[in-house]
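Chains, contacts and geometry: an overview
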Protein chains: 4
Amino acid sequence: MGTFAGHVLPGSFFLLFGVWWSVKYPLKYVCQKKKNTSYLGSKQLHRFEFAEGIYKALCALIGMLAEQFGPDGPQLKLYNDEKKQWVRLVRWQHTTIYLFYGISGVMDMVASRTKVLPGAMDRMVLSLALFVESFQLYYHIQNQVMLERHLHQLLLPAITGAAVCIFLEILFNDVVVFKILKTSLCILQGSWLWQMAFVFDPPSGSPEWNQMDHDNVMFLTMCYCGNFAFALTITIVNYTMVTWIVHSKMKQVSTMEVGLLKMAEHDQESEDEI
Amino acid sequence: MGTFAGHVLPGSFFLLFGVWWSVKYPLKYVCQKKKNTSYLGSKQLHRFEFAEGIYKALCALIGMLAEQFGPDGPQLKLYNDEKKQWVRLVRWQHTTIYLFYGISGVMDMVASRTKVLPGAMDRMVLSLALFVESFQLYYHIQNQVMLERHLHQLLLPAITGAAVCIFLEILFNDVVVFKILKTSLCILQGSWLWQMAFVFDPPSGSPEWNQMDHDNVMFLTMCYCGNFAFALTITIVNYTMVTWIVHSKMKQVSTMEVGLLKMAEHDQESEDEI
Amino acid sequence: MGTFAGHVLPGSFFLLFGVWWSVKYPLKYVCQKKKNTSYLGSKQLHRFEFAEGIYKALCALIGMLAEQFGPDGPQLKLYNDEKKQWVRLVRWQHTTIYLFYGISGVMDMVASRTKVLPGAMDRMVLSLALFVESFQLYYHIQNQVMLERHLHQLLLPAITGAAVCIFLEILFNDVVVFKILKTSLCILQGSWLWQMAFVFDPPSGSPEWNQMDHDNVMFLTMCYCGNFAFALTITIVNYTMVTWIVHSKMKQVSTMEVGLLKMAEHDQESEDEI
Amino acid sequence: MGTFAGHVLPGSFFLLFGVWWSVKYPLKYVCQKKKNTSYLGSKQLHRFEFAEGIYKALCALIGMLAEQFGPDGPQLKLYNDEKKQWVRLVRWQHTTIYLFYGISGVMDMVASRTKVLPGAMDRMVLSLALFVESFQLYYHIQNQVMLERHLHQLLLPAITGAAVCIFLEILFNDVVVFKILKTSLCILQGSWLWQMAFVFDPPSGSPEWNQMDHDNVMFLTMCYCGNFAFALTITIVNYTMVTWIVHSKMKQVSTMEVGLLKMAEHDQESEDEI
């Protein structure tokens, strides 16, 4: 059984990331369309991506340290020579998953600052990090009981879907809907990790979930789809709102510019008159 | 065991949709080719797509209400606190499936009227609705007996195939054969839901189907392919007929136009003579 | 257990098709490259494709008739009311598989003569025919014993691989290597059907194959790869030879043309002199 | 149980190949970008690819000979008529895998020297060789015990991933990240074959691995991800270093060229003065 914190921590990472993406991508595409206005230059975008890389690497580092040195952690010890057995392999497995996100964060930082790496390298490494996560998860759940196994298994479409979506971005980077899909799957992963925390470790007062009741499995499957509907809606609403706000702000700016231009023309005309 | 109405209702939705698509797409492509004629403008097409969105959202709403408030429905009650159990989860699961088609319908409406959403958003949401349907179906059938399970399982290629086909449309929107494939898989899903209704709930007089007879499984597999051959044929015949009718109508129009032009020329000549 | 003829007949169809494709495609691509020469015009190519369609439809018809009216066939009778059971469903299943190849053949004929069908329609229907074949095969083998099941299962990569390859051709019709892959997988299917005939029905004198010996399974897996290596080699050798022959013939023709041109020039010069 | 040499030999082949690719591809792309400099012409590249083909074919030949005539090998004998059983089928299976790499090597040689083969033929055959390897492996492991089976199974994502990646290269040959992915998966395959050798045949002094301990399975899954992180890092570091070295060398050359040009100008000026 996982702990409450062990699921809530990565869940929050993914949720924050998803919400940030749901604001970043519409901003990016609106600004790309209207190149003439200097509302958000490519310089700011590169800074955003650098910050994203630092945030990702930091999250991964915090995750790794929490897994290793948190309560009951292996503290970097892999094999216990006395007992002749491996030490807390689940924690080590989680550490490996974070490691790949760490590599992905470093790639983002390097890619946003230098031209050393080939294009799309940041996307490929993030896609690989997700594939590795789903791969580890797949072998992780082989020995679990029904409900626990099902809850973990439900994560797989979110993770693998995002991995495939980001892999497709390598080839089709300008297809906006892939960004929206990626964002909503990221929010889904985060919200599901929170859901898992509440099912495994119900807050005091709630009864334990029955691990072997098939109705619980059915309810959670349905609940997962509800989570996805919610994640998709948030992403689309954010996209629409950001687009709408930037458009209206731009209109104001352009109205002001037109006003300034008219005033300038008027001044010139007055000068001409003199 | 599902009820007769529970399979016939969505089956009819899909059948109607499929037949409508088998007329809409050839119409659209013939009119795109011959841009010079004003037989069907992009305005009408947008209106068609808006109507399609309303129809889809309405179907989803009817479906959700029927599942919730139909005979033996949960009536929006999710958990029975007295009996400590979930209420009619199968109905709730169906409601979730309809929910995604509802979202897809709303997307279609918004996409056909405004420019807020990124291109291909309507296709992506429809593709996701189909993926969610196949995902729910997959976990739905785990506890069923042989024949019932097999009948549901046979739906999966139709649903997943359509989902993949519509996902491909995000990238390759102008490949006409994908529209034909999508249409025939939609008709197949509809006709197979009707078939399931007749197998689960045979009209009075027919004997019950033997659930454990392997020959029945084999026959229904073959029958499914027959349904697909039928759906594919309908789609292709409709495509050919619509193309042929529009072409012949256009010829008449252009002959008339040529005639009118000649008359006009003749009139002018007469005027010139005078 | 399948009969010898039931495997050899379709095997020969596929083999003939594969060998024909291994000659047709290099011919087509060489002639497309050298458009200036009139060695093989697009008219001949359309005639070839029409003939291919007839051949495919004929093969399908022969197959269907053989399955229905061959020894021990159901003779178009589907249900035996007296015995209350389905009649020879395996034969009916094979008939359905042939039906889709028949549709594909008709599509080829229509596509090569008229412009009614959208582009790539012939490829999509052929791809669907292969998908339907692999789908039927998949449910066909569920109840078989080990060796028989394994032999049928080995057909799946050949069929599904060809289906995917032809589906990719819808989008990427000018990638020559897909034609080569398709051709070699078609030859592989044909040669493997022959192999199956010899294993199921060894020619008189040979001992029966032990159905439960795992070594036989291993040998046949290896043998399958050998068949593929053989099919791939034949395709590549044919491609190279046809390309080489056409090139050398073209050189002769162009040399002759140059000679004729020179003679013509000489004649003109002589005329000028006069 | 496989022998130490039987895993270390192919492992070394793949490792060498991976490291060579990790140097070749950055070299190739840097030189393609800066076409003006003659640092590495397309002639040298063709020579490299010819050498690669010879190396691949040689490795395959060595592998085939080692499998056939090594200790306990079948020595080209397939069936033992006396004992009525197949001879050492595992060795024969390995021989078939090497055979496809041999064909791929010959294809590389032909493709780099002549124009007979269609473009992308070398990539398709290599992709098929990898697909055949994973296909053989899949049936190879059906009868193994837990740990041995798991170790072999872990090879599958590396092999199939590389096969898919090289298949994608047929269509998208200029996407550099696919080369990097292919390279790191090739190194992963090599390093994992070494790992397997050490697990199956631990060097003297180490205790045997417990085949049925689930913790060993978990550790090796994690270890596999560690191997992949290592392979990916090596590939990226090599890419960066090669790019950096070539860039700095080019700068020297261009500075020298500028210097020479200036000297030449100076000389001409002096001449002009005279």
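Residues numbered from 1 in each chain as written. Chains lettered and ligands numbered in written order. Predicted model: local features only at pLDDT ≥ 70, side-chain atom pairs only at ≥ 80, totals over all residues. Heavy atoms only, no water.

Focus on the relation of the copies chain B and chain C
At an RMSD of 0.1 Å, chain B and chain C line up after a rotation of 90° and a shift of 0.1 Å along the axis. In the structure described here, the two chain copies are related by an operation that fits a four-fold rotation axis. In terms of C-alpha distance to the rotation axis, chain B has leucine 171 of chain B as its closest residue, with the C-alpha 7.7 Å off the axis. (Least-squares fit on C-alpha atoms with pLDDT ≥ 70 in both.)

Observations concerning the packing of aromatic side chains
Enumeration according to the criterion identifies 68 aromatic pairs over all chains in this entry. With 5.4 Å between their ring centres and 75° between their planes, phenylalanine 135 of chain B and tyrosine 139 of chain B make a pair best called edge-to-face. Of this pair, phenylalanine 135 of chain B and tyrosine 139 of chain B both sit in helix 4 (residues 121–140), four residues apart, roughly one helical turn. Across this residue pair, the class does not change: phenylalanine 135 of chain B and tyrosine 139 of chain B are buried. For the ring pair tryptophan 194 of chain C and phenylalanine 198 of chain C, a centre distance of 6.2 Å and an interplane angle of 25° mean the geometry is stacked. Here the residue tryptophan 194 of chain C and the residue phenylalanine 198 of chain C both occupy positions in helix 6 (residues 176–200), the gap between them amounting to four residues, near one helical turn. Exposure remark for tryptophan 194 of chain C: the relative accessible area of 30% places this residue in the partly exposed category. Taking relative accessible area as the criterion, phenylalanine 198 of chain C reaches 36% and is therefore assigned partly exposed. Three or more aromatic residues joined by ring pairs form one cluster here, namely Phe135, Tyr138 and Tyr139 of chain A together with Trp192 and Tyr224 of chain D. (Phe/Tyr/Trp six-rings, centres within 6.5 Å; stacked < 30°, edge-to-face > 60°. Helix = DSSP H or I, 4+ residues; strand = E, 2+ residues; numbered from the N terminus. Buried < 20%, exposed > 50% of the residue type's maximum accessible area, 1.4 Å probe, protein only.)

Comments concerning the interface of chain B and chain C
Interface size is often expressed as the accessible area that is lost when the parts come together. Contacts between the two partners involve 29 residues from chain B and, on the opposite side, 27 residues from chain C. Summed over both sides, the interface of chain B with chain C buries roughly 2600 Å², with 85% coming from carbon and sulfur. Connecting chain B to chain C are zero salt bridges. Our count for the contact surface shared by chain B and chain C stands at one residue pair in polar contact (both at pLDDT 80 or more). Put simply, the parts of the chain that give the side of chain B that touches chain C at least two residues each are helix 5 (146–171), helix 6 (176–200) and helix 7 (214–273) of chain B. Broken down by element, the residue count for the side of chain B that touches chain C peaks at 16 residues, all from helix 7 of chain B. By residue class, the composition of the side of chain B that touches chain C is 21 nonpolar, seven polar and one charged. (Contact = heavy atoms within 4.5 Å. Buried area = accessible area lost by both parts, 1.4 Å probe. Salt bridge = Lys/Arg side-chain N within 4 Å of Asp/Glu carboxyl O. Polar contact = N/O pair within 3.5 Å; in protein donor to acceptor, adjacent residues only side chain to side chain. Nonpolar A, V, L, I, M, F, W, Y, C, P; charged D, E, K, R; others polar.)

Points about helix 6 of chain B
Given 3.6 residues per turn, any residue in an α-helix points the same way as the ones three and four places further on. Look at helix 6 of chain B: 36 Å from first C-alpha to last across 25 residues, which is about the 36 Å you get at 1.5 Å a residue. By the criterion of burial, helix 6 of chain B is predominantly enclosed, with 22 of the 25 residues buried. (Expected span 1.5 Å × (residues − 1).)

Topic: the UniProt feature "transmembrane region" (unreviewed entry) in chain A
When the UniProt feature table is mapped onto this chain numbering, "transmembrane region" (unreviewed entry) sits at residues 6–27, 89–111, 153–172 and 217–246 of chain A. With 95% helix and 0% strand, residues 153–172 of chain A has its two end C-alpha atoms placed 29 Å apart. (UniProt positions renumbered as here; feature names shortened; annotations may be inferred.)

Regarding the interface of chain B and chain A
Counting from both sides, the interface comprises 27 residues of chain B and, opposite them, 29 residues of chain A. Where chain B meets chain A, there are zero salt bridges. Summed over the shared surface of chain B and chain A, the result is one residue pair in polar contact (both at pLDDT 80 or more). Every element with two or more residues in the side of chain B that touches chain A is listed here: helix 3 (89–113), helix 4 and helix 5 of chain B. When residues of the side of chain B that touches chain A are assigned to their parent elements, the largest contribution, nine residues, is made by helix 3 of chain B. Grouping the amino acids of the side of chain B that touches chain A by side-chain chemistry returns 22 nonpolar, five polar and no charged.

Let's talk about the side chain of serine 127 of chain C
Residues and elements named next belong to chain C. In this structure, serine 127 sits in helix 4 (residues 121–140). The exposure class of serine 127 is buried, given its relative accessible area of 0%. In this view, serine 127 contacts Ala163, Ile166 and Phe167; residues no more than four positions away in its chain are not counted.

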